[in-house]
Amino acid sequence: MKSVAFITEYNPFHNGHLYHAQQSKKITNADVSIAIMSGHFMMRGMPSMFSKFTRTKMALHGVDLVVELPLIGSLSSSDRFAEMGIKIAKYLNVNALSFGSESGDIDTLQTLCDKLLQLEENPLFTHQIKQGKSYPRILRELLNDSTLDSPNNILALSYLKQLSIQQSTIRPYTIPRMHASHHQNHIHHGTFASGSAIRRELMNQSTKWKTCVPESNLNLFQHPYTDTTMLFQLIKFAILQHDTNTLASIYTMSEGFEHRLKREIRQVDNYDALMSRLKTKRYTYTHIQRILMNVLLNVTRADVDTSVNAIRVLGMTPKGQAYLKQLKQQHPDKHIVTNVNKKNAHYFKQEIKATEIYNLLTNQQCTDFNTPVTIYHT
């Protein structure tokens, strides 16, 4: 069976994602589509609006197989996000990788990717990284290419870089985004909107988002996580538990930022105020939020393991089941886990912990142990 994969968050799954999945399957002539999806915490450094179990059910209305992206990929910048996603794709013997972009031109992106790989060997690039400049900003300054102004193009380049670095035979494809840009905060089109715009409407208890998601999923959009009150309290508790030395060991902690964090946490009483005091020209909101989530989950640099030794399957259709059966026949030594138990839990320690913290935030009870794999019959 020929397969195409997407490295996704689906926070939440919407019509743009459905279009992308359908078009990707068509242009790659794939038999099965695979979503490599973030769990309970997103790359922008926030908990997901809906649990990974609910988002899996949403996604299965458009894809055949949903597997979990390791937490270390979800709470990292685009390069590690891409690295972990492609390692999962390779483990699953994927034939093609499809991603959205504003460019929509794979040849142009590939040419720019080659330039980036050369640029990263330049001492000037290394110096600016050490200064704390963001990766996209450095690229824009050194290359002066407007392609780098678009977040999906940046992510697309990360995928292409990792395919090159990992010497992967997976073939890349890109689908141009439809009608809504990545960070567009308002719904301007009848059926297409960005995830940001949909989340905003959900938080405002509006119903405008309903035309922008598959109708078959509407019943799944119940009780979205939107309250940062408990989140702030848990973050504050987590920070106060540390001294600056142990805070410095947290994954993604920027050099010296632990002192600012310890100082400012005592001055505020809510999440927005904390972010306002922490924000500087040097650090983006997203970078700071990822630091806070890694503090909350106590993910240290010592916890970082980028090897892939097992895959956590969250959901599948009969086509997805058939693909996994074929994979197991061809590679009986691979660990494809559909239900977590004591014997295999050691593969997913970080993800299990993330679910427990997410449940504390959202007052939910679905854990990695008591929630069976979702099987969706189309």
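Labelled according to an unreviewed UniProt entry, the protein appears under the name tRNA(Met) cytidine acetate ligase, originating from Staphylococcus agnetis. Quoted straight from UniProt, the Catalytic activity (unreviewed entry) entry for the protein says "cytidine(34) in elongator tRNA(Met) + acetate + ATP = N(4)-acetylcytidine(34) in elongator tRNA(Met) + AMP + diphosphate". For the record of the protein, the UniProt heading Subcellular location (unreviewed entry) holds the text "Cytoplasm".

> Can you walk me through the packing of aromatic side chains in this structure?
Note on aromatic pairs: each is described by the distance of the centres and the angle between the planes. Within the structure shown, the criterion is met by eight aromatic pairs. Ring centres of Tyr-10 and Phe-13 lie 4.8 Å apart, and the angle between their planes is 90°; this geometry places the pair in the edge-to-face category. Taken individually, Tyr-10 and Phe-13 each receive the classification buried, so the pair is uniform in this respect. For the ring pair Tyr-19 and Phe-192, a centre distance of 6.1 Å and an interplane angle of 85° mean the geometry is edge-to-face. Here Tyr-19 is found in helix α1 (residues 15–28), whereas its partner Phe-192 is found in the loop between β5 (171–176) and α9 (195–203), with 173 residues between them in sequence. Looking at Phe-192, the relative accessible area reads 14%, which means it is buried.

> How do you make sense of unusual backbone geometry when you look at a structure like this?
For residues besides glycine, phi is generally negative; the peptide bonds are generally trans as well. The omega torsion across Asn-11 and Pro-12 is 0°, close enough to zero to call that bond cis. In this model, Asn-93 sits at a positive phi of 55°, which is unusual for a non-glycine residue. Assignment of secondary structure puts Asn-93 in the loop between α4 (78–91) and β4 (96–101). On the basis of relative accessibility, which here comes to 29%, the residue Asn-93 falls in the partly exposed class. Look at Thr-252: it is not a glycine, yet its phi comes out positive at around 75°. What makes Thr-252 buried here is its relative accessible area of 17%.

> Explain empty space enclosed by the protein to me, please; I cannot follow it from the model alone.
One way to see where empty space is left: roll a probe the size of a water molecule over the atoms. In this structure the tally under the stated criterion is one cavity of 30 Å³ or more. Estimates place the volume of the largest cavity at around 40 Å³. In terms of lining residues, the largest cavity is bounded by Gly-39, His-40, Lys-52, Glu-68, Leu-69, Pro-70, Leu-71, Ser-74, Glu-351, Ala-354 and Thr-355. For the lining of the largest cavity, the element with the highest residue contribution is helix α16 (residues 349–362), accounting for three residues. Among the residues making up the lining of the largest cavity, the classes are represented as four nonpolar, four polar and three charged.

> Honestly, the nonpolar core in this entry has me stumped. Any pointers?
Nonpolar side chains in soluble globular proteins tend to end up buried together. Core analysis: the largest hydrophobic core is formed by 83 residues, its most contacted members being Phe-41, Leu-92, Leu-261 and Leu-292. In terms of nonpolar packing, the next biggest core, distinct from the first, is built from 29 residues, Ala-35, Ala-96, Trp-209 and Cys-212 among them.

> Would you explain the packing of helix α13 (residues 271–278) against helix α14 (residues 285–296) in this entry?
Working note: a packed helix pair is described by the angle between its axes plus the distance between those axes. Between α13 and α14, the least distance of the axes is 10 Å, while the angle of their chain directions is 120°. Considered as vectors, α13 and α14 are oriented oblique to each other. Taken as a pair, α13 and α14 cross one another with a handedness that is right-handed. Here α13 contributes Tyr-271, Leu-274, Met-275, Ser-276 and Leu-278 to the contact with α14, which in turn contributes Tyr-285, Ile-288, Gln-289 and Leu-292.

> What's the story with the pattern of salt bridges in this structure? I'm lost.
Pairing between side chains becomes possible if they bear opposite charge and their charged atoms approach one another. Tallying each qualifying case throughout the model produces 10 salt bridges. A salt bridge links Lys-52 to Glu-68; its shortest N-O distance comes to 3.0 Å. Here the residue Lys-52 occupies a position in helix α2 (residues 52–59), and Glu-68 occupies one in strand β3 (residues 65–69), the gap between them amounting to 16 residues. Across the pair, Glu-68 and Lys-52 agree in class, each one buried. In this structure, Glu-120 and Lys-161 form a salt bridge, with 2.5 Å as the shortest nitrogen-oxygen distance. Of this pair, Glu-120 sits in the loop between α5 (106–119) and α6 (123–130) while Lys-161 sits in helix α8 (residues 151–165), and the two are 41 residues apart along the sequence. The class of Lys-161 is buried, set by a relative accessible area of 1%. Salt bridges sharing partners connect three or more residues here, namely Lys-52, Glu-68, Arg-312 and Asp-368.

Rules used throughout
- Here, residues in each chain are numbered from 1, in the same order as that chain's written sequence.
- Residues qualify for local features only when their pLDDT is at least 70, as the model is predicted, and side-chain atom pairs are given and counted only at 80 or more; totals for whole chains, interfaces and linings, by contrast, use all residues.
- Values shown for side chains rest on all heavy atoms present in the structure; no hydrogens or waters enter the calculation.
- UniProt positions are given in the numbering used here, feature names are shortened, and annotations may be inferred rather than shown by experiment.
- Stacked, tilted and edge-to-face pairs are distinguished by plane angle, under 30 degrees for stacked and over 60 for edge-to-face with tilted covering the rest, among Phe, Tyr and Trp rings (Trp via its six-membered ring) whose centres lie within 6.5 Å.
- The classification of residues rests on relative accessible area computed with a 1.4 Å probe and restricted to protein chains. Under 20% of the type maximum is buried, over 50% is exposed, and intermediate values are partly exposed.
- Per the convention used, a helix needs a DSSP run of H or I reaching at least four residues, while a strand needs a run of E reaching at least two, with both numbered from the N terminus.
- Cavities and pockets were defined on a 1 Å grid built over protein atoms only: a cavity is a set of grid points that admits a 1.4 Å probe from which the probe cannot escape, a pocket is an open set flanked by protein on both sides within 12 Å along at least five of seven lines, and lining residues are those with an atom within 4 Å of any such point.
- Grid points are joined across faces, edges and corners, and a volume is the space filled by probe spheres set on the points.
- Gly falls in the polar group here, along with every residue not listed as nonpolar (Ala, Val, Leu, Ile, Met, Phe, Trp, Tyr, Cys, Pro) or charged (Asp, Glu, Lys, Arg).
- Residues belong to one nonpolar core when they are buried, are Ala, Val, Leu, Ile, Met, Phe, Trp, Tyr or Cys, and are joined through side-chain atoms within 4.5 Å.
- To define axes, lines are fitted to C-alpha atoms, for helices over the stretch in contact only, and angles between the resulting N-to-C directions are given on a 0 to 180 degree scale.
- Orientation categories follow fixed angle ranges, with anything under 35 degrees roughly parallel, anything over 145 roughly antiparallel, 65 to 115 roughly perpendicular, and all other angles oblique.
- Two helices that cross are described as forming a left-handed crossing if the nearer one is turned anticlockwise from the farther one by less than a right angle, and a right-handed crossing if clockwise.
- Residues are treated as being in contact if the distance between any of their heavy atoms lies within 4.5 Å.
- Salt bridges are counted wherever a side-chain nitrogen of Lys or Arg sits within 4 Å of a carboxyl oxygen of Asp or Glu.

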